[in-house]
Amino acid sequence: MNISRRKLLLGVGAAGVLAGGAALVPMVRRDGKFVEAKSRASFVEGTQGALPKEADVVIIGAGIQGIMTAINLAERGMSVTILEKGQIAGEQSGRAYSQIISYQTSPEIFPLHHYGKILWRGMNEKIGADTSYRTQGRVEALADEKALDKAQAWIKTAKEAAGFDTPLNTRIIKGEELSNRLVGAQTPWTVAAFEEDSGSVDPETGTPALARYAKQIGVKIYTNCAVRGIETAGGKISDVVSEKGAIKTSQVVLAGGIWSRLFMGNMGIDIPTLNVYLSQQRVSGVPGAPRGNVHLPNGIHFREQADGTYAVAPRIFTSSIVKDSFLLGPKFMHLLGGGELPLEFSIGEDLFNSFKMPTSWNLDEKTPFEQFRVATATQNTQHLDAVFQRMKTEFPVFEKSEVVERWGAVVSPTFDELPIISEVKEYPGLVINTATVWGMTEGPAAGEVTADIVMGKKPVIDPTPFSLDRFKK
């Protein structure tokens, strides 16, 4: 999505909120806090036995970014070991909304999404297993002429930018075609953008299926094995140190998701990201319900899963004010002007806990990664109830639907809303693949780009916009 569309992500600049005299009592009452949790992803057993003494590449983190990077490297003949502090896909990779789209993405990340969609369409055949991926089409109804003009302008630009011998497959639809896509809608929608080749991956099964394939092609994945840090010799990486021992290597990929900032901070490298909370749910499918992926401007967002249930997202984000909010607030302040999706602030025990979280440690000491094997935000039940009710009002057929499951999630964006896929010049041999808020869509493409960088190959997509050096300007 483009910048104006995604200002929702960066509910930061807490200092400005507080200085502006925001009402603190309602903020304290916002649901959502950072807690230890259980993984909701399909269980994949980690590699058994002792750690290998050495590996060509060690990857930190077994989410979608780490797994896809490992697959790309292993398929090129590299020996790859993944070290995961908790469970495979235990955090955001098992909790995402997981629509596979490129519509309204910014010029910088459009190539990751366009190529990511191409890779996903061939993924089940590639790995010989069902990831749950389905090409299902996505309808985004347009509220007015201004929205239509914006959609048409984006489609025109994206058609010109589409590469990889695959044209853009997004168009404007009206009339009967739109009515058939939004069957039973109570609002008389007249026009929509239709991304015909968008897809869907169920987060609880997608990354685990890829992890099983990675193991089949020789990737070793050690779970419940937190990495404490990296050692160097002669100015280059020499070892990765984990709670279970060290592995000799000259190449490391950090795919640590929301933990990347903390990990790199201990190494003296600033990763300017802040955590933002959101809530998700699944509801039961019902006969006669609209199919595929639907986004309506009256706050209704749902995606049909492979098992016939529907993922339903409130699309309301919460910025829990923590120590980093004050440290990074000025960098994010320009994004507080609002956007299409609501943002709330929360002041509560997260603030107190953030001052207790260690930010530096020795490699022979227990780290926060060993305390929080799997962690996420608690769900906001009020938000989930509200979006489900809106869904039922717009599509009365869902009155017979019931809640199957609810959960909280966390993403950790940068202030320019672009991922970090980059070498770390201060540590030759270290590459970062993190800070994405579209992890499931971008994962296959980002993994390939990361593998290209590790191997010194010209990346399939220019990674310049995702460079860590951009924050030094």
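Scoring rules and cut-offs
Residues numbered from 1 in each chain as written. Predicted model: local features only at pLDDT ≥ 70, side-chain atom pairs only at ≥ 80, totals over all residues. Heavy atoms only, no water. Helix = DSSP H or I, 4+ residues; strand = E, 2+ residues; numbered from the N terminus. Rg over C-alpha atoms; globule rule 2.2 N^0.38 Å. Contact = heavy atoms within 4.5 Å. Axes fitted to C-alpha atoms, helices over the stretch in contact; angles between N-to-C directions. Parallel < 35°, antiparallel > 145°, perpendicular 65-115°, else oblique. Nonpolar A, V, L, I, M, F, W, Y, C, P; charged D, E, K, R; others polar. 1 Å grid on protein atoms, 1.4 Å probe; cavity = no way out; pocket = protein on both sides within 12 Å on 5 of 7 lines; lining within 4 Å. Points joined across faces, edges and corners; volume = space filled by probe spheres on them. Buried < 20%, exposed > 50% of the residue type's maximum accessible area, 1.4 Å probe, protein only. Pairing = 2+ DSSP bridges. Core = buried A, V, L, I, M, F, W, Y, C linked by side-chain atoms within 4.5 Å.

1. A closer look at the overall build of the protein
Assigned secondary structure in the protein consists of 14 helices and 24 strands. For 473 residues, the compact-globule formula gives about 23 Å, and the C-alpha radius of gyration of the protein, at 22 Å, lands near that figure. Seen along its three principal axes, the alpha-carbon backbone of the protein occupies a region of about 65 × 55 × 40 Å. Of all intrachain contacts in the protein linking residues separated by at least 6 positions in sequence, the fraction that spans at least 24 positions is 80%.

2. Observations concerning the packing of helix α4 (residues 110–121) against helix α14 (residues 439–454)
It is the contact of α4 with α14, at a shortest axis distance of 7 Å, that shows an interaxial angle of 95°. Accordingly, the angle class assigned to the pair α4 and α14 is roughly perpendicular. From α4, L112, H113, Y115, G116, L119 and W120 reach across to α14, where they touch M440, T441, E442, P444, A445, A446, E448 and V449. Each residue belonging to the contact of α4 with α14 can be placed in one class, and the counts come to 9 nonpolar, 3 polar and 2 charged.

3. A short note on the layout of surface pockets
Here the largest pocket is characterised by a volume of approximately 770 Å³. Looking at the largest pocket, it is lined by 28 residues, and the ones nearest its centre are L262, N275, D324, S354 and M357. The dominant element in the lining of the largest pocket, judged by the number of residues it contributes, is helix α11 (residues 349–356), at 4 residues. Within the lining of the largest pocket, the residues separate by chemical class into 12 nonpolar, 10 polar and 6 charged.

4. Considerations on unusual backbone geometry
Phi is positive for S132, which is not a glycine, with a value near 90°. Judged by relative accessible area, which is 6%, S132 ranks as buried. Its identity is not glycine, yet F164 carries a phi of approximately 60°, on the positive side. When you line up the elements, F164 lands in the loop between α6 (145–161) and β7 (170–174).

5. Some thoughts on the sheet that holds strand β5 (residues 134–135)
Strand order in the open sheet formed by 3 strands is β4-β9-β5, with antiparallel pairing between adjacent strands. If you trace the sheet from one side to the other, it starts and ends with β4 (99–100) and β5, each paired once. With 2 bridges joining them, β4 and strand β9 (residues 199–200) adopt antiparallel strand pairing. Its bridge partner lying in β9, I100 is registered against G199.

6. Considering the nonpolar core
I59, I67, I82, W120, L210, V219 and I221 are the most contacted members of the largest nonpolar core, which has 53 residues in total. Once you skip the residues sitting within four places of it in the chain, I221 turns out to touch G46, T47, A62, I67, I82, I88, A211 and K215.

7. Describing the pairing of strand β8 (residues 191–195)
β8 sits mainly inside the fold: 5 of its 5 residues count as buried. Burial of the side chains of β8 extends over both faces: V191, A193 and E195 are buried on one face and A192 and F194 on the other. Here strand β6 (residues 138–141) pairs with β8 via 4 bridges, running antiparallel. Residue pairing in the sheet places E140 in a bridge with A193 of β8. Relative to β8, β7 is paired through 5 bridges, and the arrangement is antiparallel. By the bridge assignment, I173 is partnered in β8 with A192.

In short, shape yes, function no, at least from these values alone.
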